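# Structural characterization, general
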Amino acid sequence: MIYQQRSLLFYRFFTTKRKVVQPPQFHNSKPVVSKIFNRPVLKASDSILSKIINIKASRSWRLKELTFLVEGNKQLIDYLRLGAVPKAFFSKDIKYLTEICSHLSHDHSPDLYLLSTSEIRLVSDVTTPQNVIGLFRFPKSFSEFDKERIPLSIICDNVRDPNNLSVIIRTAAAVGCQRIVLSEGCCDAWDPKVVRGSACGNLICPIHSSVPWSAMRNYIGSASTIHSLTSNNVDDSISHEDLEWSLDTNEPLALIIGNEGSGLTDEAQQLSADSGGYNVTIPMTSFIDSLNVATAASIVMYSLRTKFYLR
């Protein structure tokens with residue numbers, strides 16, 4: 001009897017189909033946690049987080065991936081309205097992803113990721129993170145904005161402060177400048193601080209970065225007269241008002257804007273002098289000898305815009 005029971009147990013053990021436990025699989029993202037408009041929402045993996053943090057912090061990573069970060073629901077909607085192409089959206093709450101997805105066009109298919117509160121702080125560039133962060137591709141075309149352009153190019157000479165550069169980009173886009181050229185030594189136009197302050201200006205005005213002075217003419221055209229914006233204590237200068245009234249043709253112009261602390265480099269001054277350009281100043285009281293570089297640039301840009309539109 002005992003022998004028969006043992007035989008039966010052995011028979012069941014070897015003939016019963018046993019469940020095989022598979023080793024865990026590792027993917028770029030964790031499993032789907034939800035869906036928004038039939039788009040899967042994923043938990044971001046460590047590799048995804050690492051890449052986004054590098055894009056936030058590093059110019060070389062932004063150039064490598066050809067992407068930049070935009071933070072905040074309102075600014076994200078503005079970028080989508082102007083035709084920016086989203087690659088991914090990140091948020092700590094499904095409802096914020098749902099809201100931003102309602103503004104997507106049918107040809108956009110960004111990845112959607114849920115982050116924890118601590119993860120969103122790592123990705124964010126501000127002290128108090130916004131509800132949603134977007135990863136966008138660099139713009140490829142600016143032709144839809146060409147009809148409102150004036151023949152004015154802006155050259156930034158060693159402008160290192162992100163706040164100053166963001167205001168210059170924003171104003172140049174509002175004025176309708178043809179392009180912005182950044183010399184070597186300028187801060188990155190796609191830095192999160194610059195993107196935040198430029199208010200979509202980087203989508204409207206073409207930006208050429210890290211251009212050496214030896215190649216500057218290739219970006220602004222050989223026919224352009226290049227003027228330089230300087231402080232009031234420079235000899236042989238004219239006011240921006242006199243410059244405005246001295247223009248009597250539609251000849252393309254360029255304006256060099258220098259570093260707020262050190263002014264224009266020797267290369268910038270030489271390029272302006274070789275083109276027959278003026279040292280341009282802004283009249284002010286004797287108690288102040290200079291303005292913030294972004295403020296000064298905005299005054300001159302709008303002065304020239306008025307002249308071009310009155311022709």
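Residues numbered from 1 in each chain as written. Predicted model: local features only at pLDDT ≥ 70, side-chain atom pairs only at ≥ 80, totals over all residues. Heavy atoms only, no water.

When its secondary structure is counted, the chain shows 13 helices and 13 strands. Burial statistics for the chain: of 311 residues in total, 46% are counted as buried. Total accessible area on the chain is roughly 17200 Å²; 52% of this is exposed by carbon and sulfur atoms. (Helix = DSSP H or I, 4+ residues; strand = E, 2+ residues; numbered from the N terminus. Buried < 20%, exposed > 50% of the residue type's maximum accessible area, 1.4 Å probe, protein only. Areas by Shrake-Rupley, 256 points an atom, 1.4 Å probe, with all protein chains shown as cover.)

Time to look at the confidence of the model for the chain. Any region with low pLDDT has predicted coordinates that should not be read closely. Confidence in the prediction of the chain, expressed as mean pLDDT, is 84, and 84% of residues score 70 or more. Summarising per-element confidence for the chain, the mean pLDDT is lowest in helix H1 (residues 2–15) (45) and highest in strand S3 (residues 67–71) (97). Scored below 50 in pLDDT, residues 1–29 makes 10 contacts in the model with residues more than four places away or belonging to other chains. (pLDDT = per-residue confidence, 0-100. Contact = heavy atoms within 4.5 Å.)

Right, let's talk about the environment of Lys 140 for a bit. Mapped onto the secondary structure, Lys 140 falls in the loop between strand S6 (132–137) and strand S7 (150–156). Residues Lys 140 and Pro 206, spaced 66 residues apart in sequence, show a C-alpha to C-alpha distance of 9.1 Å.

In this structure, Tyr 79, Phe 89, Phe 136, Leu 152, Ile 154, Cys 156 and Ile 180 are the most contacted members of the largest nonpolar core, which totals 61 residues. When residues of this core are assigned to their parent elements, the largest contribution, 8 residues, is made by helix H13 (residues 293–310). When residues no more than four places from it in sequence are discounted, the contact partners of Ile 154 are Ile 168, Ala 172, Cys 177, Arg 179, Ile 180, Val 181, Leu 255, Ile 257 and Met 301. With 15 residues, the next largest nonpolar core counts Ile 52, Ile 55, Phe 90 and Tyr 113 among its residues. (Core = buried A, V, L, I, M, F, W, Y, C linked by side-chain atoms within 4.5 Å.)

Moving on: the pattern of salt bridges. In the structure shown here, the tally under the stated rule is 6 salt bridges. Asp 78 serves as the salt-bridge partner of Arg 81, at 3.6 Å between the closest nitrogen and oxygen. You can see Arg 81 and its partner Asp 78 sitting in helix H4 (residues 73–81), 3 residues apart, about one turn around the helix. The exposure class of Asp 78 is buried, given its relative accessible area of 19%. For Asp 125, the salt bridge identified is with Arg 196, shortest N-O distance 3.2 Å. Of this pair, Asp 125 sits in the loop between helix H6 (117–123) and S6 while Arg 196 is found in helix H8 (residues 192–198), placing the two residues 71 residues apart along the sequence. (Salt bridge = Lys/Arg side-chain N within 4 Å of Asp/Glu carboxyl O.)

If you trace the backbone, Thr 225 turns up in strand S10 (residues 225–229). The residues touching Thr 225, leaving out its near neighbours within four places in the chain, are Glu 251, Pro 252, Leu 253, Ala 254, Ser 275, Gly 276 and Gly 277.

A separate point is unusual backbone geometry. Positioned with a positive phi, Asn 158 is a non-glycine residue whose angle comes to about 60 degrees. With respect to the helices and strands, Asn 158 occurs in the loop between S7 and helix H7 (162–175). Even without being glycine, Ser 210 reaches a positive phi, approximately 55 degrees. Structurally, Ser 210 is set in strand S9 (residues 207–211).

This part covers the packing of aromatic side chains. Evaluation of the coordinates by the stated rule reveals 8 aromatic pairs. Look at Phe 68 and Trp 190: their rings are 4.8 Å apart centre to centre, the planes differ by 40 degrees, and that puts the pair in the tilted class. Pair noted here: Phe 68 is in strand S3 and Trp 190 is in the loop between strand S8 (177–183) and H8, with a separation of 122 residues, a long-range link. For Phe 68, a relative accessible area of 0% puts it in the buried group. Ring centres of Tyr 79 and Phe 136 lie 5.7 Å apart, and the angle between their planes is 35 degrees; this geometry places the pair in the tilted category. Of this pair, Tyr 79 sits in helix H4 while Phe 136 sits in strand S6, and the two are 57 residues apart along the sequence. Per residue, the accessibility class of Tyr 79 equals that of Phe 136, and both read buried. Taken together through their ring pairs, the aromatic side chains of Phe 68, Tyr 79, Phe 89, Phe 136, Phe 138 and Trp 190 make up a single cluster. Here the guanidinium or amino end of Lys 64 rests over the ring plane of Trp 61, the centre of that ring lying 4.4 Å away. (Phe/Tyr/Trp six-rings, centres within 6.5 Å; stacked < 30°, edge-to-face > 60°. Lys NZ or Arg CZ within 6 Å of the ring centre and 35° of its normal.)

When you line up the elements, Ser 275 lands in the loop between helix H12 (266–274) and strand S13 (279–281). Those residues in contact with Ser 275 that lie beyond four places of it in its chain are Arg 217, Ser 224, Thr 225 and Ile 226.

Reading across from one edge, S9-S8-S7-S12-S10-S13-S11 is the order of the 7 strands in this open sheet, with parallel pairing throughout. A single partner strand is all that each edge strand has here, and the edge strands are S9 and strand S11 (237–239). Averaged over all pairs of adjacent strands, the angle between their axes in this sheet comes to 30 degrees, without regard to strand direction. Pairing geometry for S11 and S13, over 3 bridges, is parallel. Paired with Ser 237 across the strands is Asn 279, a residue of S13. This element, H12, spans S10 and strand S12 (253–257) of the sheet and lies at about 135 degrees to S10. (Pairing = 2+ DSSP bridges. Axes fitted to C-alpha atoms, helices over the stretch in contact; angles between N-to-C directions.)

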